[in-house]
Amino acid sequence: MMVLENLRPIEGPASLRIGIRGGRIAFVGEDGAGPAFGPDRVIDLDGAMIFPGLINSHDHLEFNSFPALGREHYANYVEWGSRIHATCREDIDRVLKIPPAMRVQWGLYKNLLGGVTTVVHHGPAFPLENPCIRVFRECQSIHSVQLEPRWRQRLNNPLQWGRPCVIHIGEGTDEGASREIDRLTLWNTLHRPLVGVHGVAMNTDQAAHFKALVWCPQSNFFLLGRTAAIDQLGRHTALLFGTDSTLTGDWNIWDHLRSARDTGLAADPDIYDMLTTTPARIWGLGGGALAPGCAADLTIARPRGDGWNAFYALDPADIELVIAGGRVRLADGRWVRALTHLGHDFDGWSRVLLEGREKWVPGDLPGLARQILAFDERAEFPFLCET
Ligand SMILES: [Zn+2]
């Protein structure tokens, strides 16, 4: 049992303690109540904010070494794709020289540094040994109606029956982007559970055919100058949140959350639900809440202030502890001594500096950055490596 004490939820004055055992939350209670545990079990987190580990429902892990590509707004994703292939050839070729396995590793660290404990990867499957966070792949990825030639056969593959089908859909502002949504739902003859990504062109009737819609506002504004009408669509389908890759957005998920909040389309607790309870239910993760029995996927941060304003002002530098499946996956330097005292072994971990704050992560992140730079000397990372 590991007991985290002196924590506070986003809202409310309570001072919490949370017990973790066997990868799950064993108990949640107020500090000072319940049984006492010895100092070899307890870590006092000095009033930090705790929330469930974030669930990023849309990313392409191997595309996070790209800079944002495209300088204008496009009518749809097909137009964007053909324009960047015509005008950004040099950038694309440069990044594609980096082996995909290295780009995937950086994609995982990108999520971890932001406090994400589960990422839903979209795209081809690849081998993953001991990833630093959970990668959800119990779904079928179809790129899109227009760019995946065999989408109908893949959608109607009886061997995939019952599995969610995740597909970019309605990513445009033109008639075609809306029509492709109808084509998809018309061809869903096996009534597969559909999870759409983007849905900028989606209307409420169309939304009712989807089990969920992944909202990626920053990617939408970058590509199209507009985002999905999630205030209305959310009455007809479940809403999840995704960052997409750095091809169309910032590496920092908190920047995406501020973009989402700035739209005024969803209330603060609703955006939070799109990253926690709702994706936990839709993907069947058994977590997403601070409750006994839930998977111990937890993020602990040092906010400036209280309440929702403080939550949405967070940045990766403020993340102090990330626990996924009950295992510490990221620790701010200030907790290394206390965690070592609890028996956590930092052997095989590395540290980087994020805005001057030391973050410890499993594996060799500085080494990965050096390897990537050997392939692409213009690669950029948001951290400094200590020498
Ligand atoms: Zn995508």
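Cut-offs and rules
- In this numbering scheme, every chain counts its residues from 1 along its sequence in written order.
- Where local features are concerned, this predicted model is filtered to residues with pLDDT of at least 70; where side-chain atom pairs are given and counted, the filter is 80 or more; whole-chain, interface and lining totals use all residues.
- Values reported for side chains reflect all heavy atoms of the structure, with hydrogen atoms and water molecules removed beforehand.
- In this description a helix means any DSSP run of H or I spanning at least four residues, a strand means any run of E spanning at least two, and both kinds are numbered starting from the N terminus.
- Radius of gyration: C-alpha atoms only; globule rule: 2.2 Å multiplied by the number of residues to the exponent 0.38.
- Remark: exposure states derive from per-residue accessible area (1.4 Å probe, protein chains only) relative to the maximum for the residue type, with buried under 20%, exposed over 50%, and partly exposed in between.
- Residue contacts are defined here by distance: any two heavy atoms, one from each residue, within 4.5 Å place the two residues in contact.
- Using a 1.4 Å probe, accessible areas were evaluated by the Shrake-Rupley method; residue-level cover was limited to the displayed protein chains.
- Whether two strands pair depends on DSSP finding at least two bridges between them.
- All axes are obtained by fitting lines to C-alpha atoms, using only the stretch in contact for helices, and the reported angles, taken between N-to-C directions, cover 0 to 180 degrees.
- UniProt positions are given in the numbering used here, feature names are shortened, and annotations may be inferred rather than shown by experiment.
- Metal coordination here is assigned from N, O and S atoms located within 2.8 Å of the ion, or within 3.2 Å for Na, K and Ca; omission of water means that sites may look incomplete.
- Geometry is assigned from the angles between donors: four donors with all angles from 85 to 135 degrees make a tetrahedral site, four or six donors whose opposite pairs exceed 155 degrees while the rest stay between 65 and 115 make square planar or octahedral sites respectively, and everything else is labelled irregular.
- One side-chain nitrogen of Lys or Arg within 4 Å of one carboxyl oxygen of Asp or Glu is enough to make a salt bridge.
- Throughout, the arc means the angular range of directions from the helix axis out to the C-beta atoms.
- Each pair of aromatic rings taken from Phe, Tyr and Trp, with Trp reduced to its six-membered ring, is defined by centres within 6.5 Å and is described as stacked if the planes are under 30 degrees apart, edge-to-face if over 60, and tilted in the remaining cases.
- In this tally, Asp and Glu contribute negative charge and Lys and Arg positive charge; neither His nor the terminal groups of the chain are included.

### Some thoughts on the overall build of the chain
The helix and strand tally for the chain stands at 14 helices and 18 strands. Computed over its C-alpha atoms, the radius of gyration of the chain comes to 21 Å, within 12% of the 21 Å expected for a compact globule of 387 residues. Taken over the C-alpha atoms alone, the chain extends approximately 65 × 45 × 40 Å along its principal axes. Here the chain, with 387 residues, has 57% of them falling under the buried criterion. If you take every contact in the chain between residues at least 6 apart in sequence, the share linking residues at least 24 apart comes to 69%. In the structure as shown, the chain presents an accessible area of about 16100 Å², 50% of it carried by carbon and sulfur atoms.

### Regarding the pairing of strand 6 (residues 116-121)
For strand 6, the tally of buried residues reaches 6 of 6 residues, placing the bulk of the element in the interior. Sheet topology note: the strand 5 (residues 54-59)/strand 6 ladder contains 4 bridges and is parallel. Across the sheet, residue Leu-54 finds its bridge partner in strand 6, namely Val-116. Inspection of the sheet shows strand 6 paired to strand 7 (residues 134-136) by 3 bridges, in the parallel sense. Each bridged residue has a counterpart across the sheet, and for Val-120 the counterpart in strand 7 is Phe-136.

### Notes on the sheet that holds strand 12 (residues 238-241)
Across a sheet, paired strands are connected by hydrogen bonds in the backbone, their directions being either parallel or antiparallel. What the 5 strands build is an open sheet, ordered 8-9-10-11-12; its pairing is parallel. For this open sheet the edge positions go to strand 8 (140-144) and strand 12, each flanked by a neighbour on one side alone. Between one strand axis and the next, the sheet turns through 25° on average, direction left out of account. Relative to strand 11 (residues 212-215), strand 10 (residues 194-198) is paired through 3 bridges, and the arrangement is parallel. Across the sheet, residue Gly-196 finds its bridge partner in strand 11, namely Leu-213. Strand contacts of helix 10 (residues 268-275): strand 11 and strand 12, with the helix running at about 80° to strand 12, the strand carrying the most contacts.

### Overview of the UniProt feature "domain: Amidohydrolase-related" (unreviewed entry) in the chain
Feature annotation in UniProt places "domain: Amidohydrolase-related" (unreviewed entry) on residues 214-327, given in this structure's numbering. Along residues 214-327 the backbone is 37% helical and 15% strand, and the end-to-end C-alpha distance reaches 28 Å.

### Notes on unusual backbone geometry
Not every positive phi belongs to a glycine, and His-198 is a case in point at roughly 90°. Within the element layout of this structure, His-198 appears in strand 10. Residue classification places His-198 among the buried residues on the basis of a relative accessible area of 0%.

### Some thoughts on the coordination of the zinc ion
Note on metal sites: the ideal angle is 109.5 degrees for four tetrahedral donors, and 90 or 180 degrees for six octahedral donors. Donor atoms from the polypeptide that coordinate the zinc ion comprise His-58 (NE2), His-60 (NE2), His-168 (NE2) and Asp-244 (OD), at 2.1 to 2.7 Å from the metal. One can describe the donor arrangement at the zinc ion as irregular, given that its 4 donor atoms subtend angles of 82 to 174° at the metal. Donor residues for the zinc ion sit on one chain with the sequence pattern H-x1-H-x107-H-x75-D. Of this pair, His-60 sits in the loop between strand 5 and helix 1 (77-87) while His-168 is found in strand 9 (residues 165-169), placing the two residues 108 residues apart along the sequence. In terms of burial, His-60 and His-168 fall into one category: buried.

### Some remarks on the pattern of salt bridges
Counted under the stated rule, the structure contains 22 salt bridges. One salt bridge in this structure joins Asp-91 and Arg-378, with 3.9 Å as the shortest N-O distance. Remark: Arg-378 occurs in the loop between helix 14 (365-375) and strand 18 (384-385) and Asp-91 occurs in helix 2 (residues 89-96); sequence separation between them is 287 residues. Residue classification places Arg-378 among the partly exposed residues on the basis of a relative accessible area of 48%. One network of salt bridges, in which partners are shared, links Glu-90, Asp-91, Arg-94, Asp-376 and Arg-378.

### Considerations on helix 10
Residues of helix 10 that are buried include every one of Asp-268, Ile-271, Tyr-272, Met-274 and Leu-275, and no others. Seen from one end, helix 10 has its buried residues packed into an arc of 155°, which puts them on one side.

### Looking at the packing of aromatic side chains
According to the stated counting rule, one finds 18 aromatic pairs in the structure shown. Between Trp-254 and Phe-311, the aromatic rings sit 5.1 Å apart at their centres with planes inclined by 80°, giving edge-to-face as the arrangement. Residue Trp-254 is located in helix 9 (residues 253-262), and its partner Phe-311 is located in helix 12 (residues 307-312); the two are separated by 57 residues in the primary sequence. Like Phe-311, Trp-254 is buried. When the ring of Tyr-272 is compared with that of Trp-308, the centres are 5.2 Å apart and the planes differ by 70°; the resulting orientation is edge-to-face. Separated by 36 residues along the polypeptide, Tyr-272 in helix 10 and Trp-308 in helix 12 bring together distant segments of the chain. An identical accessibility class is assigned to Tyr-272 and Trp-308; each is buried.

### Section: the side chain of Glu-62
Counting through the fold element by element, Glu-62 comes out in the loop between strand 5 and helix 1. At 6.1 Å, Arg-103 is the nearest oppositely charged side chain to Glu-62, a buried residue that forms no salt bridge. Setting aside residues up to four positions removed in sequence, Glu-62 forms contacts with Arg-103, Val-104, His-121 and Pro-124.

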